[in-house]
Amino acid sequence: MAGTAQATSTSRRLDLERRAFLDLLRMANTLATPEEIARQVVVVASHLSGCEAVALRLKSGPGFRYVGSLGFTEAFIALEDDLCARDEQGHLLRDENRQPVLACLCGRVLSGQVERSHPSFTDRGSFITASTSLLLASHTEDQCLGRTRNRCHGAGYETVGLFPIRRDDVTYGLIQCNDRRMGRLSAEAIDLLENLAATAAHLFQLAMT
């Protein structure tokens, strides 16, 4: 019986993924801009994740700004929109390669500065935590997580998932999934969202060439 239930669950997952991705690809044929594609990806990500708040960051100038969101307050989006670190005069901080320094965990995922052996990161470079409270209590500014702005935790979000949208070494953006409940991203959902991010990267590559 257990084997039958597992097979049924796998079949449902694959069917859900197939239908969601086919819908996205069909819609992408009629979407003219990367921003429109981003907003549709947010809808699919919300469906696949089951999280209460979902957003997508897209490359914009030196940083990656939110271009679509569901469930986040306007105040949260406004505070978190600009990831670029700046000095006291408001000038961009740059690394040794003259690239803008991106703040917080979103910045680390977008920059690919992740330690995949760390339990919060996946082999595909995503960041997942079931509880920001427990994470911050046990990993205060460690070398793998770096300095965080703690705004997700401050807004009451426990579950956080950050999925880079990357293809051929080009980073187009990031899918963000938050929820005030703990442990809202199952292994199945994480796999679906990483596949969605890969599909989104392909769509953005087509739209931007």
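This structure is a prediction, so every number in the text was calculated from the model and none was measured. (Residues numbered from 1 in each chain as written. Predicted model: local features only at pLDDT ≥ 70, side-chain atom pairs only at ≥ 80, totals over all residues. Heavy atoms only, no water.)

**Side note on the pairing of strand 2 (residues 63-70)**
Of the strand pairs in this sheet, strand 1 (residues 53-60) and strand 2 are connected by seven bridges, and their pairing is antiparallel. In the sheet register, Leu-56 faces strand 2, and the bridge partner there is Gly-68. Here strand 1 folds back onto strand 2 in antiparallel fashion, the turn holding two residues, of which Gly-61 has a positive phi close to 65°. (Pairing = 2+ DSSP bridges. Helix = DSSP H or I, 4+ residues; strand = E, 2+ residues; numbered from the N terminus.)

**Structural notes on the sheet that holds strand 2**
Here we have five strands laid out as an open sheet, ordered 2-1-5-4-3, and antiparallel in their pairing. Each having just a single partner strand, strand 2 and strand 3 (127-129) make up the two edges of the open sheet. The average undirected angle you get between the axes of adjacent strands in this sheet is 20°. (Axes fitted to C-alpha atoms, helices over the stretch in contact; angles between N-to-C directions.)

**A few points about unusual backbone geometry**
Positive phi values are uncommon outside glycine, yet Cys-104 reaches one of about 65°. Checked against the element boundaries, Cys-104 lands in helix 4 (residues 104-111). Among the residues examined, Cys-104 registers a relative accessible area of 15% and is labelled buried. Phi at Asp-168 is positive, roughly 55°, even though this residue is not glycine. Take Asp-168: it is sitting in the loop between strand 4 (159-167) and strand 5 (170-179). (Buried < 20%, exposed > 50% of the residue type's maximum accessible area, 1.4 Å probe, protein only.)

**Thoughts on the side chain of Thr-159**
Its place among the elements puts Thr-159 in strand 4. Accessibility expressed as a relative area gives 1% for Thr-159, which makes it buried. Here Arg-184 takes part through its backbone nitrogen, which lies 3.0 Å from a polar atom of the side chain of Thr-159. The residues touching Thr-159, leaving out its near neighbours within four places in the chain, are Thr-129, Ala-130, Cys-177, Asn-178, Asp-179, Arg-181, Met-182, Gly-183, Arg-184 and Leu-185. (Polar contact = N/O pair within 3.5 Å; in protein donor to acceptor, adjacent residues only side chain to side chain. Contact = heavy atoms within 4.5 Å.)

**Overview of the packing of aromatic side chains**
Applying the stated criterion across every chain yields a total of five aromatic pairs. When the ring of Phe-72 is compared with that of Phe-76, the centres are 4.8 Å apart and the planes differ by 10°; the resulting orientation is stacked. Residues Phe-76 and Tyr-157 carry aromatic rings whose centres are separated by 5.8 Å and whose planes lie at 80° to one another, so their mutual orientation is edge-to-face. Taken together, the residues span a long stretch of sequence, with Phe-76 in helix 3 (residues 74-80) and Tyr-157 in the loop between helix 6 (151-154) and strand 4 at a distance of 81 residues. Taken individually, Phe-76 and Tyr-157 each receive the classification buried, so the pair is uniform in this respect. Here the aromatic cluster, defined as three or more aromatic residues joined through ring pairs, consists of Phe-72, Phe-76 and Tyr-157. Taking NZ or CZ as reference, Arg-57 lies 3.9 Å from the ring centre of Tyr-66, over its face. (Phe/Tyr/Trp six-rings, centres within 6.5 Å; stacked < 30°, edge-to-face > 60°. Lys NZ or Arg CZ within 6 Å of the ring centre and 35° of its normal.)

**Description of the side chain of Asn-178**
Tracing the backbone through its elements, the reader meets Asn-178 in strand 5. A polar contact is formed between the side chain of Asn-178 and the side chain of Gln-176, at a distance of 3.4 Å. Here Asn-178 is in contact with Cys-51, Glu-52, Ala-53, Phe-72, Phe-76, Cys-152, Tyr-157, Thr-159 and Val-160, once residues within four sequence places are set aside.

**With respect to helix 2 (residues 34-49)**
For helix 2, with 16 residues, the first-to-last C-alpha span of 22 Å sits near the 22 Å given by 1.5 Å per residue. Listed as buried for helix 2 are Pro-34, Ile-37, Ala-38, Gln-40, Val-41, Val-42, Val-44, Ala-45, Leu-48 and Ser-49. Residue Gly-50 follows helix 2 closely and has a positive phi angle near 75°. (Expected span 1.5 Å × (residues − 1).)

**Remarks on the nonpolar core**
Leu-56, Phe-163, Ile-165, Ile-175, Leu-196 and Phe-204 are the most contacted members of the largest nonpolar core, which totals 31 residues. Taken together, the elements giving at least two residues each to this core come down to helix 1 (2-28), helix 2, strand 1, strand 4, strand 5 and helix 7 (187-207). The element best represented in this core is helix 7, accounting for ten residues. When residues no more than four places from it in sequence are discounted, the contact partners of Phe-163 are Ser-126, Ile-128, Gly-173, Leu-174, Ile-175, Cys-177, Leu-185, Ile-190, Leu-193, Glu-194 and Ala-197. Within the second largest apolar cluster, 23 residues are counted, among which are Ala-53, Leu-105, Leu-110 and Phe-121. (Core = buried A, V, L, I, M, F, W, Y, C linked by side-chain atoms within 4.5 Å.)

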